[in-house]
Amino acid sequence: MGSKKRTCKAEAHSAVISKAKTAVITVGNELMGDDGVGPAVFKTLERTILPRGVALIDGGTGGLGILHLMSGYDRVILVDCCDFGGKAGAVKVFKPEDVLTKRGNAKFSLHSLDLLGLIEFGKQIGNLPRDLCIIGVQPKKVGMGEGLSVPVQKAVPMAVGAVLGMLDVL
Amino acid sequence: MSSIHVHVEHLTRVEGHGNIVLNAQNGKVEKIEWQVPEAPRFFESFVRGRPYTELSHLTSRICGICSIGHSLASLKATEAALGIKISEQTQMLRRLALHGENLQSHVLHLGYLVAPDLLGKDSVFPLVATHKAEVLKIVKLHRLANEMSDLLCGRTTHPITFAPGGFTKVPTEKQLEEVRNRLAYAVPDVEAVAEVILANAGKLPAFQRDTEYIGLVSKKEYALYDGDVGSTDTGKHKVDDYKNIVNEFLVPHSTAKFCKHNRASYMVGALARFNLNYELLSPMAKKWAGKFGLKPKCTNPYMNNVAQLVEIFHSAEDTLALIDKLISSGVKEEKPAMVKLKAGRGVGAVEVPRGILFHDYTYDAKGICTKANCVIPTNQNHMNIQLDMEALAPTILNKSEKEIELTLEMLVRAYDPCISCSTHYLKVDLKK
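Treat the numbers as computed from the prediction; the structure is a model and nothing was measured. By convention here, each chain's residues receive numbers from 1 onward along its written sequence. Chain labels run from A onward and ligand labels from 1 onward, assigned in the order the entries are written. Totals for whole chains, interfaces and linings use every residue, but because this is a predicted model, local features are given only for residues with pLDDT of at least 70 and side-chain atom pairs only at 80 or more, for both listing and counting.

1. Looking at the overall build of chain A
Note the cut-off: A helix here means a DSSP run of H or I that spans at least four residues, while a strand means a run of E at least two residues long, and both kinds are numbered starting from the N terminus. Using C-beta atoms placed from the backbone, we call a residue buried if 20 or more other C-beta atoms fall within 10 Å of its own, exposed if 12 or fewer do, and partly exposed for counts in between. Two residues form a contact once the distance between their C-beta atoms, set from the backbone, is within 7 Å.
Secondary structure assignment for chain A yields 5 helices and 6 strands. Here chain A, with 170 residues, has 47% of them falling under the buried criterion. Across chain A, every contact between residues at least 6 apart in sequence was considered, and the portion connecting residues at least 24 apart equals 80%.

In structure tokens, the structure reads:
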């Protein structure tokens with residue numbers, strides 16, 4: 001339970017905002033199986049040299065705090081576990097407006113919030129980055145337990161590649 | 001023959017999982033239960049064998065909202081066990097951190113979880129259309145409280161600057177002054193939100209049930225960080241004597257333990273603190289309590305929401321005063337106090353947003369934890385919730401099932417329970 005926040009730089013998050021205009025924010029819970037794909041992508045990106053002006057942020061298990069983490073950035077790339085009806089380990093890049101329907105109930109809690117609900121909320125209060133996209137990884141299994149399933153482990157480099165690819169064109 | 005069946009599975013707008021079950025037949029309640037189905041977390045087991053330097057970091061993970069409070073209760077227990085003394089500056093900075101947590105939690109609870117009930121909506125999202133200005137203020141206040149935590153604790157959740165004996169990094173006077181100025185500027189925003197809650201306070205049910213109220217008490221301040229354990233029934237008790245106060249026990253319909261002291265249940269949290277420490281509230285807090293007609297001893301659990309609002313004003317005013325004091329005395333670059341290891345046992349108690357929290361640790365001569373016990377505020381409230389529901393349910397059976405369900409949900413939400421946390425992930429259908 002609970003979320004953690006780390007940045008790849010030594011400066012506090014608020015000090016980084018003034019320099020970086022793009023943020024990559026990973027979301028997920030390492031104790032819930034494939035929901036840990038976001039943190040896994042974070043760990044790989046942390047060892048990577050990112051383009052100047054890009055902040056890498058561990059968004060923990062999500063929640064309302066994500067809204068504040070996105071604040072001040074022109075562009076945000078969110079990385080999260082996402083069931084889009086694909087094959088386990090598939091990686092999809094999409095924008096919030098590409099979503100036809102959300103399957104399952106939106107939850108609202110102080111610790112975790114349906115990410116799309118949060119994005120919609122941010123949009124309504126005029127508190128969203130100009131450019132926002134989501135890199136979703138299809139899980140095989142989300143439930144209590146550490147470690148990613150084999151297909152999702154194999155998806156981590158693809159998700160990292162998707163992030164780096166997007167950073168090159170931004 | 002009329003029958004009523006209300007079964008709320010996984011109540012929304014609370015932390016974690018709790019169920020409300022009500023069965024009534026011909027105007028008579030057959031079953032009313034507050035069920036907590038959360039799995040145990042085993043913190044008290046896995047901290048055994050860990051060194052004293054790790055305990056506050058491990059136990060801060062008990063909660064993502066009250067992680068500051070857990071860290072501080074943990075540190076106080078460790079410091080009591082090992083005989084570690086802290087400086088006055090450390091005490092002031094820790095008090096500031098607790099105020100930050102109180103502000104963060106109460107603003108969120110009232111703004112996102114309670115306001116929808118008062119304004120007739122299912123969640124905060126529809127409120128953007130009807131109360132956009134107030135929603136923006138809530139978001140802004142939440143962000144400010146988060147940044148206060150960032151400054152004092154190193155990050156918003158799970159402090160990293162706290163250590164046994166002090167801080168590994170202290171804020172500068174300039175940073176504190178910036179927080180001070182932003183908070184002073186934000187007070188009118190708190191008042192604007194308070195006015196909306198005041199305008200809708202009539203929707204809080206007028207339910208009364210006298211119970212025992214327990215919380216930290218002190219002669220010097222509205223106790224959040226330090227004090228003795230106070231009871232509206234039995235007066236003052238030493239923190240070390242907490243086991244004779246909480247008296248945890250098991251019930252068949254809940255995986256969480258329940259508690260009782262002088263009566264079959266007791267209440268902790270903002271309303272308990274208000275009832276015990278009203279005289280020590282800040283001027284603005286008292287003023288706003290007066291506007292709502294809230295005065296001690298209040299026995300309406302729904303007014304815990306208003307007590308939280310009152311505490312927002314208190315935490316804001318006391319934060320300004322503490323920062324002024326720190327700046328005028330100068331913030332020193334102190335290192336945590338030296339630690340001389342010895343075997344010992346210590347109990348730490350602090351007030352977190354939901355009530356009084358106890359951590360109790362035993363260490364061996366090498367500073368390794370051999371035993372731990374944590375009593376969480378929400379655990380202490382479960383029995384009071386149950387008995388409130390038992391008293392309330394018979395009086396609302398004449399309402400529709402929907403109204404009964406809402407009234408019971410609002411009762412539980414008023415306690416602001418923090419049961420646990422769960423996973424999330426997205427489930428979507430995408431355009432091809």
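2. Notes on the confidence of the model for chain B
Reading predicted coordinates in detail is not appropriate for stretches of low pLDDT. All names here are of chain B. Put simply, the test is: Values of pLDDT, ranging from 0 to 100, describe the predictor's confidence in every residue of the model.
In the predicted model, chain B carries a mean pLDDT of 92, and 95% of its residues have values of at least 70. Every residue in residues 421-426 scores below 50 in pLDDT, and together they form 32 contacts with partners more than four places removed in sequence or on other chains. Among the prediction metrics, the complex's ipTM stands at 0.72, with pTM recorded as 0.87.

3. Describing the sheet that holds strand β2 (residues 19-25) of chain B
Residue and element names in this part refer to chain B. Using the following cut-off: Note: two strands are recorded as paired if DSSP finds a minimum of 2 bridges between them. What counts as an axis is a line fitted to C-alpha atoms, over the stretch in contact for a helix, and the angles between N-to-C directions run from 0 to 180 degrees.
Pairing within the open sheet is antiparallel, and its 3 strands lie in the order β1-β2-β3. One side of each edge strand has no neighbouring strand; the edge strands of this open sheet are β1 (3-8) and β3 (28-35). Across this sheet, the average inter-strand angle for adjacent strands is 5°, counted without regard to direction. Pairing between β1 and β2: 6 bridges, direction antiparallel. Bridge pairing in β2 places His5 opposite Asn23.

4. Observations regarding the nonpolar core
Let me state the cut-off plainly: To count as a nonpolar core, a set of buried Ala, Val, Leu, Ile, Met, Phe, Trp, Tyr and Cys residues must be joined through C-beta atoms within 7 Å.
Counting 169 residues, the largest nonpolar core has Val24, Ile25, Val37 and Ala159 of chain A together with Val310 and Ala349 of chain B as the members making the most contacts within it. Top element by residues in this core is helix α4 (residues 88-118) of chain B. It accounts for 12 residues. Every residue in contact with Ala159 of chain A, bar those within four places of it in the chain, is listed here: Val37, Val41, Val79, Val91, Ile135 and Val137 of chain A.

5. A word on the pairing of strand β6 (residues 131-137) of chain A
Pairing of strand β3 (residues 75-83) of chain A with β6 of chain A involves 7 bridges; the strand directions are parallel. In the strand pairing of β6 of chain A, Cys81 of chain A is matched with Val137 of chain A.

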